[in-house]
Amino acid sequence: MNLLHEITDPTGMTRRQVAIVGAGLAGPLLACLLRQHGFEVIVFEKRADPRTHPAPEGRSLNLAIAERGLQALRLAGIEQDVLSYAVPVSGRMVHVEEKSSFHAYSSREGDVIWSVQRSQLNAHLLDVAEQKGVRFFFDIDLVAIDLQASRLTTQHGTTFIFDLIVGADGANSAVRDALTRVCDVDCECEILAHGYKELDISVEAARQALLNPKALHIWPRGGYMCMALPNHDGSFTATAFLPLKIQGQQLSSFAALNHRDVVRQFFNSEFNALSRLLCDLEANYMARPVGMMATLHVSRWHYNQTVLIGDAAHQMVPFHGQGMNCAFEDAVFLAQCLAAPSGDIGSALARYETQRKPDVEAIQAMALDNYEEMRARVSSHDYLLERELSAWLEKRYPQRFIPRYHMVTFTCLPYSIAHKRGNIQKDILKSAISGCQTFQQINLVDAERNVLDKLSELPL
Ligand SMILES: Cc1cc2nc3c(=O)[nH]c(=O)nc-3n(C[C@H](O)[C@H](O)[C@H](O)COP(=O)(O)OP(=O)(O)OC[C@H]3O[C@@H](n4cnc5c(N)ncnc54)[C@H](O)[C@@H]3O)c2cc1C
């Protein structure tokens, strides 16, 4: 039974009906883009409406939006509105022992990432999608997802048939589960051995400590780290990233930090300056859940008239701040494929999957790499020397030598190109600084020759 009306626009054409499962970040954004292309869109969300029922604490409270995410918001016509409540972040402040040093994200003026509240962005996207005519159903439990017939059945026994079903239902996707039941799909979930927990730094504490409000703060400690991202009101959300399991006699794991006293002892000894800024450290630490992080590899993202986007297709670890940015880019690309003149949904989905997959695999790998960089390398001598050389090469060859972080964060170059060129650049830097203690000892002529030989010019 199809309970939807045939929807006809003034030109007499029947509009195609799309179901999006999941009203998190990617779902409502895709809904906006598809409405702009004339699709009729219905979104099913299992939670209550977050605008009236705020989510419990524990999920990342703030997120960084970079160029790929901004590009998607721009296409949906809401970039400037989002930026009005976002905080610009221009680099990392690295805190080692009691010293801090600022590492700008980019040598190019105006390159910043933007910190936003997840809940505010989510509510905003829902409002905008509703204004564009998207219909939302909250508190919906989809008891049957039939991908052969493109049919969804809710807990109320209502059945809907669609021209297209999009699974934007996050890492534990029910649509993906349905996909695995009808066709051969390999799903491999690599769970990181480290978890995360969020803690708060109040406005007053941040002000008193003169925490730079335009920086992402990192306290790297080799095997683990803390970081903090600014909020619009001047407070910060701090996140502790630690191993999940006990390692020898050390306290540095979530399993070992199981009592208020050991929590205080650990933070005082390992993150002394930070521990003085954290509000109600013991109480918040004990009350909040440990978040898990994983990289999800799904061999197939579409079947028949159903497709996956965002975390449902490719959850990644958060260390490049790209999960949402990538999910937004998925939405843009999928909408473009679906709006192509051929109008054939099956071939649009195949094109989306074939073209997008190599890029997603690349950002998943780079996100994992970045954890090592943030917790262990940012304060090492080699890293600082490589950074200096990287800046020098970038200045001389701005269209050839572009730091990987820059390509990922401040451009929309395909992630696979950023990954490939990033690896070449890493080798150039590594071999150039090998055996050198200072910048003056580096053989710059060799390094330049390598850049010219190995990196073509990019039309940035
Ligand atoms: C600690 C941390 C920090 C992060 N920081 C960043 C960052 O700085 N920048 C960045 O770009 N990314 C970041 N990310 C990643 C980002 O949060 C995700 O990639 C992003 O939320 C993915 O969006 P999504 O819409 O695919 O999934 P989600 O945002 O998870 O939305 C999925 C939605 O589907 C709903 N749902 C689930 N199951 C069903 C069902 N059966 N039926 C109906 N609805 C359902 C859920 O309730 C939810 O509303 C971070 C992640 C973590 C864990």
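Structural notes, computed from the coordinates. Everything numeric here is computed off the predicted structure, so don't read it as measured data.

A look at the overall build of the chain
- Regarding its fold elements, the chain presents 16 helices and 19 strands.
- Against the globule reference of 23 Å for 460 residues, the chain gives a C-alpha radius of gyration of 23 Å, in line with a compact fold.
- Each principal axis of the C-alpha distribution contributes one length, and for the chain these read about 70 × 55 × 40 Å.
- Taking all 460 residues of the chain together, 54% fall into the buried category.
- Contacts spanning at least 24 positions in sequence make up 71% of the contacts within the chain whose residues lie at least 6 apart.
- Counting only carbon and sulfur atoms, one obtains 51% of the accessible surface of the chain, whose full area is about 20100 Å².
- Of note, the chain has its 44 positive side-chain charges centred 3 Å away from the centre of its 52 negative side-chain charges.

Looking at the site of the ligand
- Around the ligand sit 28 residues in total, of which A26, E45, A64, R118 and D311 are the nearest.
- Here a nitrogen atom of the ligand and a backbone polar atom of G323 are 3.3 Å apart.
- When the free accessible area of the ligand is taken as 990 Å², the share hidden by the protein chains comes to 89%.
- Among the elements of the structure, β3 (62–65) and α11 (323–338) are those that each provide at least two residues to the shell around the ligand.
- Sort the elements by how many residues they give to the shell around the ligand and α11 lands first, with 3 residues.

A few points about helix α2 (residues 67–75)
- Every buried residue of α2 is accounted for by R68, G69, L70, A72 and L73.
- Phi for G77, located one or two positions after α2, is positive at around 80°.

Points about the environment of D330
- Within the secondary structure, D330 is located in helix α11.
- For D330, a relative accessible area of 0% puts it in the buried group.
- Sequence separation of D330 and T158 is 172 residues, and the distance between their C-alpha atoms is 30 Å.
- Residue contacts for D330: discarding those within four places in its chain leaves I309, G310, H314, Y352, R356 and V360.
- A distance of 2.6 Å separates the side chain of D330 from the side chain of R356, its partner in a polar contact.

About the thresholds
Residue numbers here run from 1 along each chain, matching the order of that chain's written sequence. Local features are withheld for residues below a pLDDT of 70 in this predicted model, meaning they are given only at 70 or higher, and side-chain atom pairs are given and counted only at 80 or more; totals for whole chains, interfaces and linings count all residues. Water and hydrogen atoms play no part in the side-chain values, which are based on all heavy atoms of the structure. Comment: elements are numbered from the N terminus, with helices defined as DSSP H or I runs of at least four residues and strands as E runs of at least two. The atom set for the radius of gyration is the C-alpha atoms, and the globule formula is 2.2 Å times the number of residues raised to the power 0.38. For the exposure calls, accessible area comes from a 1.4 Å probe over protein chains only, and a residue counts as buried if that area is under 20% of its type's maximum, exposed if over 50%, partly exposed in between. Note on definitions: a residue-residue contact is assigned when non-hydrogen atoms from the two residues lie within 4.5 Å. Here the Shrake-Rupley method, with its probe set to 1.4 Å, supplies the accessible areas, and only the displayed protein chains count as covering residues. Only four residue types enter the charge count, namely Lys and Arg as positive and Asp and Glu as negative; His and the chain termini do not. The atoms used to mark charge sites are NZ of Lys, CZ of Arg, CG of Asp and CD of Glu. Throughout this document, a residue counts as near a molecule or strand when at least one of its heavy atoms sits within 4 Å of that molecule or strand. Pairs of N or O atoms within 3.5 Å make up the polar contacts considered here, provided that, within protein, one atom can donate a hydrogen while the other can accept it, and that residues adjacent in sequence are counted only when both atoms are side-chain atoms.

From the geometry alone we can't say anything about function, so treat these as descriptive.
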